[in-house]
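Reading the structure
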Amino acid sequence: MKRAALFITIASVLVFVAGVRIAGQNDRGQGADNEEAKGRIGLRIAPVQLNMQGLNPALVGLGSYIVNAQGDCSGCHSTPQY
């Protein structure tokens, strides 16, 4: 049972990373290393609908990128855990 859970976890991470890389390919020509491109990616990969009323969309997108693409925070902080 633990092997199956480990396999599912590893497979999920690999699928997530592949998705982030594919999503980032559209921004490669514009320099995916800059914060603007990361912000656009972050808005696309946000796992929930974002309420950005009164907020700076560029900063929200960058935060989403850091949490969802770089840190994989939802890997541990979600139910079911992926």
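Notes on the confidence of the model for the protein chain
Per-residue pLDDT for the protein chain has a mean of 79; in total, 82% of the residues score no lower than 70. Taken element by element, the protein chain is modelled with least confidence in helix α1 (residues 2-25), mean pLDDT 74, and with most confidence in helix α2 (residues 35-45), mean pLDDT 91.

Examining the side chain of S64
Within the secondary structure layout, S64 lies in helix α3 (residues 57-70). Overall, S64 belongs to the buried group, its relative accessible area being 7%. Setting aside its immediate chain neighbours within four residues, S64 contacts G42, L43, A46 and A69.

Concerning the pattern of salt bridges
Inspection of the entire model under this criterion finds 1 salt bridge. Between R40 and E36 there is a salt bridge, with its nearest N and O atoms 3.0 Å apart. Highlighted residues: R40 and E36, both in helix α2, separated by 4 residues, approximately one helical turn. Note on R40: relative accessible area 26%, which makes it partly exposed.

Quick word on a nonpolar patch on the surface
Taken together, the side chains of L6, I10 and L14 present a nonpolar region at the surface, about 310 Å² in accessible area. Mapped onto the secondary structure, L14 falls in helix α1. Classification of L14 by relative accessible area gives exposed; the value is 57%.

Definitions and limits used
Residues numbered from 1 in each chain as written. Predicted model: local features only at pLDDT ≥ 70, side-chain atom pairs only at ≥ 80, totals over all residues. Heavy atoms only, no water. pLDDT = per-residue confidence, 0-100. Helix = DSSP H or I, 4+ residues; strand = E, 2+ residues; numbered from the N terminus. Buried < 20%, exposed > 50% of the residue type's maximum accessible area, 1.4 Å probe, protein only. Contact = heavy atoms within 4.5 Å. Salt bridge = Lys/Arg side-chain N within 4 Å of Asp/Glu carboxyl O. Patch = residues over 30% accessible without salt bridge, like charges linked within 9 Å, V, L, I, M, F, W, Y side chains within 5 Å. Areas by Shrake-Rupley, 256 points an atom, 1.4 Å probe, with all protein chains shown as cover.

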